[in-house]
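Working through the structure, step by step
The chain contents come next:
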Amino acid sequence: MNNNVLYSLFLFFFTGLAAVNGQEWLISGTVRDTTGLPLAGASVAEKGTDNGAQTDMDGAFTLEVSDADAVLEVSFIGFVAREIPVDGQEEITVTLEQDVTGLDEVVVIGYGNVKKSDLTGAVSQVSAEEVSAFPTTSVMQSLQGRAPGVQVSQSTGAPGAAVSVRIRGSNSIQGNNDPLYVIDGFPYSGAPTNINNADIESIEVLKDASATAIYGSRGANGVVMITTKKGREGATRVELETSYSMQWQTSKLDLLNGREYALLMNLQAQNDNQAPYFSDNEVNGFGRGFDWQDFVFGEGAVKSHSITVSGGNEKTKFSLGGSIFDNEGIVEGSDYKRYSGRLNLSHEISDKVRVEWNNSLSYLETYRKDSRGGSRGNSLIGAAIAAAPISTPYNEDGSYRVLADEYPFVAPDIVNPVNFIREQSNKIKANVVLSNLAFVFNPVPELTVRIAGGIENRDDRTDSYTSRNFHNSNGSASVTTNQERSLLSENTVTYEKTFNDAHRLSALAGFTYQNFTREYVAGSGVGFISDAFESYQLQVSETPGIPSSGYSESTLLSYLGRINYAFKDRYLLTFSMRRDGSSRYSEGSKWGNFPSAALAWRAGEEPFIKKLNFFSDLKLRGSWGLVGSQAIDPYTTLNVLLSGKTVFDDQLYNTLAPGTRLPGDLKWETTEQWDVGMDIGLLNNRISLTLDYYVKNTRDLLNTVPLPSSMGYLSTIRNVGEVQNKGFEVGVSGAVFTGEFQWDLSANLSSNKNKVVHLYGGEDILTSYVSALVVQDNIAVLSEGRPMGQFWGYREDGYDEQGQIKLMDLNGDGTLSPEDKTYIGDPNPDFIYGLNSYMSYKNFSLSFFIQGSQGNDIFNVSAIPVTMDYGQGLNTLREVYLDHWSPGNPDAKYPLISRNTSAYASDRWVEDGSYVRLKNIELAYSIPLENSFIEKSQLYISGQNLITITDYSWWDPEVNSQGADSPGIDYLSYPVAKGFTVGLRMTF
């Protein structure tokens, strides 16, 4: 009995003591970043248990832990996790620092994703913050200067103008050199103009063949993976951004004023033995005259508004976004508008089945006023320069002045710019739908089966109209409707397993099917009795044009596989294979195989490297692979019948006849690429360095080959060429300061050397024909052993005794001929670079972005009609008047001012196009918010293109009038704008 009593007392004592020591403890607190802003959705968990909570919109949390000595694990995406001992505290504030290591960051690759530390290929990542740093009409523009090896160029500065991207140079002569864009797993058909920058979570640029070979015949030009924002488990989150930008022309040309213009006209008359056009009194009375540049190029604006609502629970996650982008150009009536909506939805049907649905819908409007090129003022941009400063746009009665009739010496070609602005329209309206639905099945944790289908559809209509009020016009109109559709089916199986904590395997296999169709209808008419209907009543035109329509279809069927293997997280292997079959190619040549392999050694994980205490990360990479390019349109390998019209006995008959191009047995263009690289991390990865060197050889280039007319065909297409690109890339980033004052720096530099290795018969191919009346010639050439797009022309050798241009007789035959032409410039830069800086202190932040190009030449075609077309009454640069040939100035920049002076495609027009530009600078202030439902509120002001340092004489060195495949040509193009932006970013 006594023993039982003692035992009961003993048990009661220790049970009570245990209960006291194990008493649950309630703790509350907040989680903030180093600037003091709350982190909503941060994870707070009790170490060693499943007990946890998430912070609310104010960063606050409440958690009941097992006892007062528990340890909290606090983490948030993009920040360094911390362990916090409770130590009997009831309230606690946790500060998290931004994660500068990034080794566990997930990187999107083709048909999957990997940790950054497991990458074996050359992949660059651009963050959401960088993508939306400043307003751009296209997401492609946000890549400029952000990723090494990526060159971005805009054809003109017009709103909505085409943007070209080149990854590690150009590979093809006949085909497209733009990369493949993959949006949320869907291989997109063209450029992703339908996406709003605020909807993007991240962009990955796949550059080497190891990364791109999984896309086979579409990977030769690189792959840009675009991931839009997805929902996450937690409270509903609202992100709002609105901004307004004012824009102006970056610079003005120094043109003649009214008095100087009259003096130059008189000088030309004197040199041509004519009487002066103006008396001294008239000359002095003109004064400064009228500024046509100020009249044509005014103030533009950009209005951008976006909202994203996201959230979800453990079963369903969603992200819903909407945006409006409205760019009013610096030329009246040149506008670009985009209205877009997006819904990304993920739902777990069960613990083994998940459905994912990504949708975007966009409506685009482009109003073009970028009439360019031409000569003697017959285009909008040309007329803005050539119009005489002694003339004005309007007569006294308000009618448009006819500039060609002002003076007898003025060219009949010139058109008053107001005609292009007010009486001519060119508008494009488009609906773009992209929808992708996937079912994901996990029968066991290691196995993922993904069955996906999607559709991309674009319907657009282009309306062009020239009114009856346009100079010498009785009204003309044209309408073109176009529908492009792509259907996709993707089916993949992924197996992932770790064996014995040392061997990690990931295997992917699948097949895809993608179908492409295009239909168009076009009509036109000339002669309208009224402008009321513009292009909406073609049937009332006096002379209807012959309508046309067309249809094309092609199919791509693919089988793919990839193996990723890691041993002890140090030795990494990737092997992939894709087999593509395309309906575009000839029988027997429809299929192509595109293998790749890559090895990586994470040397930084080796014990002997760790002992050095120098590297926090060190990885060596090497890869090889084959990728392809389809490079031809559907039906190119078939004998196609072409329609036409012919007249017999005063009757018009329809005809069908074989085309003038002989069909050929064609095969894929194939690019073989080698890449070696190194990733280095120092000071706990506060400093990161990436180095890559690559060699790309593209063979079996498709090119047009002329045929003797006796064959009945004029040309054919053959696999006859070879091109090489090789270069290096450097990317460096560093967290210079962390803590209350934060400073992050990143920079990149890329150099690519391009060379044509082989052409058909070794013969040069002349390209880039320009017609500026005084010069009508090819100004670029493809030549074996030389870079693509190199400029071609004569070399000048001063002036003769009459002030006429002398050309070098390079072949020494004593006469001037095309054989005296040579290489006069290279549009390909020696290197391109970018520098990004972000600094923050308390509630203030300052960031700037610098981008530049070095060593590239520009062929300034604009200067030909402006500075050398004398005797046509055209305005010109002031320096032409101040520095032209005369007996007293034999070494002048410009020749004799005479209508008899000849101009040539020569090195005179080739200029250094190098530049460095302050692309964006932003000052922001985060408004302190206490006990508010608003999580974050930030005001900012920024400037775009404010400073440009260059020796180029024209408006802007960032120009490609004829597109990126004829680079470095400036031909009276719509200028790039600079501006200021004010905006507000808010998170609820």
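A few points on the structure.

The rules behind these values
Residues numbered from 1 in each chain as written. Predicted model: local features only at pLDDT ≥ 70, side-chain atom pairs only at ≥ 80, totals over all residues. Heavy atoms only, no water. Helix = DSSP H or I, 4+ residues; strand = E, 2+ residues; numbered from the N terminus. Rg over C-alpha atoms; globule rule 2.2 N^0.38 Å. Buried < 20%, exposed > 50% of the residue type's maximum accessible area, 1.4 Å probe, protein only. Contact = heavy atoms within 4.5 Å. Areas by Shrake-Rupley, 256 points an atom, 1.4 Å probe, with all protein chains shown as cover. Patch = residues over 30% accessible without salt bridge, like charges linked within 9 Å, V, L, I, M, F, W, Y side chains within 5 Å. Salt bridge = Lys/Arg side-chain N within 4 Å of Asp/Glu carboxyl O. Pairing = 2+ DSSP bridges. Axes fitted to C-alpha atoms, helices over the stretch in contact; angles between N-to-C directions. Core = buried A, V, L, I, M, F, W, Y, C linked by side-chain atoms within 4.5 Å. Phe/Tyr/Trp six-rings, centres within 6.5 Å; stacked < 30°, edge-to-face > 60°.

Scanning the protein chain for helices and strands turns up 11 helices and 51 strands. Its C-alpha atoms give the protein chain a radius of gyration of 33 Å, near enough to 30 Å, the size a compact globule of 988 residues would have. Projecting the C-alpha coordinates of the protein chain onto the three principal axes gives extents of approximately 140 × 70 × 65 Å. Counting across all 988 residues of the protein chain, residues that qualify as buried make up 51%. Sequence separation of at least 24 residues holds for 69% of the intrachain contacts in the protein chain that already meet a minimum separation of 6. Accessible surface for the protein chain amounts to roughly 43800 Å². Of this, 54% is attributable to carbon and sulfur atoms.

A contiguous nonpolar surface patch, about 680 Å² in accessible area, is contributed by Tyr244, Met246, Phe844, Leu846, Leu923, Ile941, Phe980 and Val982. Along the chain, Ile941 turns up in strand 49 (residues 936-950). Classification of Ile941 as partly exposed rests on a relative accessible area of 43%.

For Asn500, which is not glycine, the phi torsion reads 55 degrees and is therefore positive. For Asn500, the location among the structural elements is in the loop between strand 24 (476-499) and strand 25 (503-526). On the basis of relative accessibility, which here comes to 72%, the residue Asn500 falls in the exposed class. Even without being a glycine, Tyr635 presents a positive backbone phi close to 75 degrees. Within the secondary structure, Tyr635 is located in the loop between strand 30 (615-629) and strand 31 (641-648).

Turning our attention to the sheet that holds strand 1 (residues 25-33). Read from one edge to the other, the open sheet built from 3 strands follows the order 4-1-7, with strand pairing classed as mixed. Where the open sheet ends on each side, the last strands, each with one partner, are strand 4 (60-65) and strand 7 (91-96). Put simply, the sheet's adjacent strands are angled 30 degrees from each other on average, direction ignored. Relative to strand 4, strand 1 is paired through 6 bridges, and the arrangement is antiparallel. Paired with Ile27 across the two strands is Leu63, which belongs to strand 4.

For the rest of this paragraph, the subject is the pattern of salt bridges. Enumeration over the complete set of coordinates arrives at 48 salt bridges. Among the ionic pairs, Asp830 bridges to Lys753, the shortest N-O distance being 3.4 Å. Of this pair, Asp830 sits in the loop between strand 43 (822-825) and strand 44 (831-841) while Lys753 sits in strand 37 (residues 741-758); the two residues are 77 residues apart in sequence, bridging distant segments of the chain. By relative accessible area, Asp830 is classed as partly exposed at 36%. Measuring nitrogen to oxygen at the nearest pair gives 2.9 Å for the salt bridge that ties Glu879 to Lys893.

All right, on to the nonpolar core then. Ranked by internal contacts, the top residues of the largest apolar core, which has 71 residues, are Tyr261, Phe297, Ile385, Ile414, Phe859, Val861 and Trp954. Filtering out sequence-adjacent residues up to four positions away, Phe859 remains in contact with Ile779, Phe791, Ile824, Ile864, Ser906, Trp909, Val910, Gly968, Ile969 and Asp970. Counting residues in each nonpolar core, the second largest holds 29 residues, with Val126, Ile167, Ile200 and Val432 among its members.

Overall, the coordinates contain 32 aromatic pairs when judged by the stated rule. Between the aromatic rings of Tyr339 and Tyr363, the centroid separation amounts to 6.2 Å while the plane-to-plane angle is 25 degrees, which identifies the pairing as stacked. Of this pair, Tyr339 sits in strand 20 (residues 335-348) while Tyr363 sits in strand 21 (residues 353-367), and the two are 24 residues apart along the sequence. On the accessibility criterion, Tyr339 (32% relative accessible area) is partly exposed. With a centroid separation of 5.5 Å and an interplanar angle of 75 degrees, the aromatic rings of Phe791 and Phe859 are classed as edge-to-face.

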